[in-house]
Amino acid sequence: MSDHWVLGTRPASSIAVPLLQVVALLTRLGLADRHAVAEDLLRLVGAQLPLAQCTIFAFEGQRRPRTVAMGDRSRTQALPDISEAYVSRFYRLDGSVAVMRQEFAAAQKAGMAEPRIVLHRQRGEDIAHPEYRRICYELPQVAERLAVMALYEGRRWLSVNLYRGTEHGPFDDAAIAVVEAFAPLIVHAVRLHHTGQALSQELPDLVLARLARRFPALTQRDHDVLRALIEGLGTEALAERLGLTLASAQTYQKRLYRKLGVAGQRELLALLLDGGA
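Residues numbered from 1 in each chain as written. Predicted model: local features only at pLDDT ≥ 70, side-chain atom pairs only at ≥ 80, totals over all residues. Heavy atoms only, no water.

### Some points on the sheet that holds strand β5 (residues 142-152)
The strand order β1-β4-β5-β6-β2-β3 describes an open sheet built from six strands, whose pairing is antiparallel. If you trace the sheet from one side to the other, it starts and ends with β1 (4-6) and β3 (66-72), each paired once. On average, adjacent strands in this sheet sit at an angle of 15° to one another, irrespective of strand direction. Sheet analysis places strand β4 (residues 117-123) next to β5, joined by seven bridges and oriented antiparallel. Note that in β5 the partner of Ile-117 across the bridge is Ala-150. (Pairing = 2+ DSSP bridges. Helix = DSSP H or I, 4+ residues; strand = E, 2+ residues; numbered from the N terminus. Axes fitted to C-alpha atoms, helices over the stretch in contact; angles between N-to-C directions.)

Right, here's the structure in full:
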């Protein structure tokens, strides 16, 4: 078998998917607990075949990838450190990165309505770099990684990595058929989750940038207070975040209101929602 292939070029299997588990996955997409989607994918796909870990990465251009979510079936408490080592040191050595480059043009032509799903498998012995192999495969006792990848917004790859432990051995044909059957659900669920996470992270920046243009006299402290208010922090939480006394936090908040010309949080919300201002 090739180390990578496009879904649809091989016969797809049909399996019964537990509805309650699918609902549990969908209800948590985009929520604050960003790792829940990886844990739910472990439970959903893991009900059909043994899996050890799941990590989800976003790749864009020449930047280092970003960890979207991770899930672990109690193999090691080091998964966050392993993921950080991968995105900071080893990702360029991953065979899936070369596959993304090869598939980029074809994936763009496929269009966003029907994303081109690519699968890539990689075992520890496929990796020549000893430290990469040791940290990402030997330390967590991983036999093989199967990545489900799709292009998102024509510029960003999302890679869902499913890992088999050494006690279960590499993915066999039956296990690969199960992952292929789940692949469309996996891709669309992670796309929705990533969009929700991006909105929750980028919206405060967009609002702050717009108000900065409208109110150039705002100081950095004003921006810090405003960001906290946008994120829904109360006065006590605001004081704790900025290292202020409660009285100082109240003073900064009132001063911000005066600069913006609002009387309180209700008018501040109206100002933030004023898209035509």
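Having seen the model, we can carry on.
### What to know about the confidence of the model for the protein
For the protein, per-residue confidence averages 85 on the pLDDT scale, and 88% of positions sit at 70 or higher. Looking at the elements of the protein, mean pLDDT is at its lowest for helix α1 (residues 19-27), recorded as 73, and at its highest for helix α5 (residues 130-138), recorded as 96. (pLDDT = per-residue confidence, 0-100.)

### Here's the deal with the pattern of salt bridges
As enumerated under the stated definition, the model contains 11 salt bridges in all. Among the salt bridges present, the one from Glu-138 reaches Arg-133, with a minimum N-O distance of 3.4 Å. Residue Glu-138 is classed as partly exposed on the basis of its relative accessible area, which comes to 47%. A relative accessible area of 22% means that Arg-133 is categorised as partly exposed. When salt bridges with common partners are traced through the structure, they connect Glu-60, Arg-63 and Arg-156 into a single cluster. (Salt bridge = Lys/Arg side-chain N within 4 Å of Asp/Glu carboxyl O. Buried < 20%, exposed > 50% of the residue type's maximum accessible area, 1.4 Å probe, protein only.)

### So, the nonpolar core
With 37 residues, the main nonpolar core has Leu-41, Ile-56, Val-160 and Phe-171 as its most contacted residues. At the level of elements, α1, α2 (36-46), β2 (53-60), β3, β4, β5, β6 (156-165) and α6 (173-214) are the ones that each hand at least two residues to this core. The contacts of Phe-171, once residues within four sequence positions are left out, are Leu-49, Leu-51, Arg-121, Glu-144, Arg-145, Leu-146, Leu-162, Tyr-163, Arg-164, Ile-176 and Val-179. Within the second largest apolar cluster, 25 residues are counted, among which are Phe-59, Tyr-86, Val-99 and Tyr-163. (Core = buried A, V, L, I, M, F, W, Y, C linked by side-chain atoms within 4.5 Å. Contact = heavy atoms within 4.5 Å.)

### Some words on the environment of Leu-242
Position of Leu-242 among the secondary structure elements: in helix α8 (residues 235-242). For Leu-242, a relative accessible area of 17% gives the class buried. Considered as a pair, Leu-242 and Arg-221 are 21 residues apart in the sequence and their alpha carbons are 9.0 Å apart. Setting aside residues up to four positions removed in sequence, Leu-242 forms contacts with Arg-221, Asp-224 and Val-225.

### Thoughts on α2
α2 sits mainly inside the fold: nine of its 11 residues count as buried. Within α2 the residues assigned to the buried category are Ala-36, Val-37, Ala-38, Asp-40, Leu-41, Leu-42, Leu-44, Val-45 and Gly-46.

### With respect to the packing of aromatic side chains
Using the criterion set out here, one finds four aromatic pairs in the structure. On the numbers, 6.4 Å between centres and 40° between planes, the contact of Tyr-86 with Tyr-132 is tilted. Here Tyr-132 lies in helix α5 and Tyr-86 lies in helix α3 (residues 79-90), a separation of 46 residues in the sequence. Of the two residues, Tyr-86 and Tyr-132, neither departs from the other in class, the shared state being buried. (Phe/Tyr/Trp six-rings, centres within 6.5 Å; stacked < 30°, edge-to-face > 60°.)

### Regarding the pairing of β2
With eight of eight residues buried, β2 is to be regarded as a mostly interior element. Neither face of β2 is open: one carries Gln-53, Thr-55, Phe-57 and Phe-59, the other Cys-54, Ile-56, Ala-58 and Glu-60, and all of them are buried. In this sheet, β3 lies alongside β2 in antiparallel orientation, the contact comprising six bridges. Along β3, the bridge assignment pairs Gln-53 with Asp-72.

### Here's the deal with the packing of α3 against α5
Two packed helices can be described by the angle between their axes and the distance between those axes. Relative orientation of the contacting elements α3 and α5 amounts to 155°, with a least axis distance of 9 Å. Between α3 and α5, the angle falls in the class roughly antiparallel. The element α3 and its partner α5 pack so that their crossing is left-handed. On the side of α3, the interface is formed by Ile-82, Ala-85, Tyr-86, Arg-89 and Phe-90, while α5 contributes Glu-131, Tyr-132, Ile-135 and Cys-136. Of the residues that constitute the contact of α3 with α5, the class distribution is seven nonpolar, no polar and two charged. (Parallel < 35°, antiparallel > 145°, perpendicular 65-115°, else oblique. Left-handed = near helix turned anticlockwise from the far one by under 90°. Nonpolar A, V, L, I, M, F, W, Y, C, P; charged D, E, K, R; others polar.)

### Things to note about helix α9 (residues 246-260)
Because each turn of an α-helix spans 3.6 residues, side chains separated by three or four positions end up pointing in the same direction. In this model α9 runs 21 Å from its N-terminal to its C-terminal C-alpha over 15 residues, within 8% of the 21 Å that 1.5 Å per residue would give. Of all the residues in α9, the buried ones are Ala-249, Gln-253, Leu-256, Tyr-257 and Leu-260. When α9 is viewed along its axis, its buried side chains cluster within an angular range of 100° and face the same direction. Opposite its buried face, α9 presents the exposed residues Thr-251, Lys-254 and Arg-258, each directed more than 90 degrees away. (Expected span 1.5 Å × (residues − 1). Arc of directions from axis to C-beta.)

### Some thoughts on the pairing of β4
For β4, the buried fraction is high: six of the seven residues fall into the buried class. With three bridges joining them, β1 and β4 adopt antiparallel strand pairing. Looking at the pairing, Val-6 lines up with Val-118 of β4.

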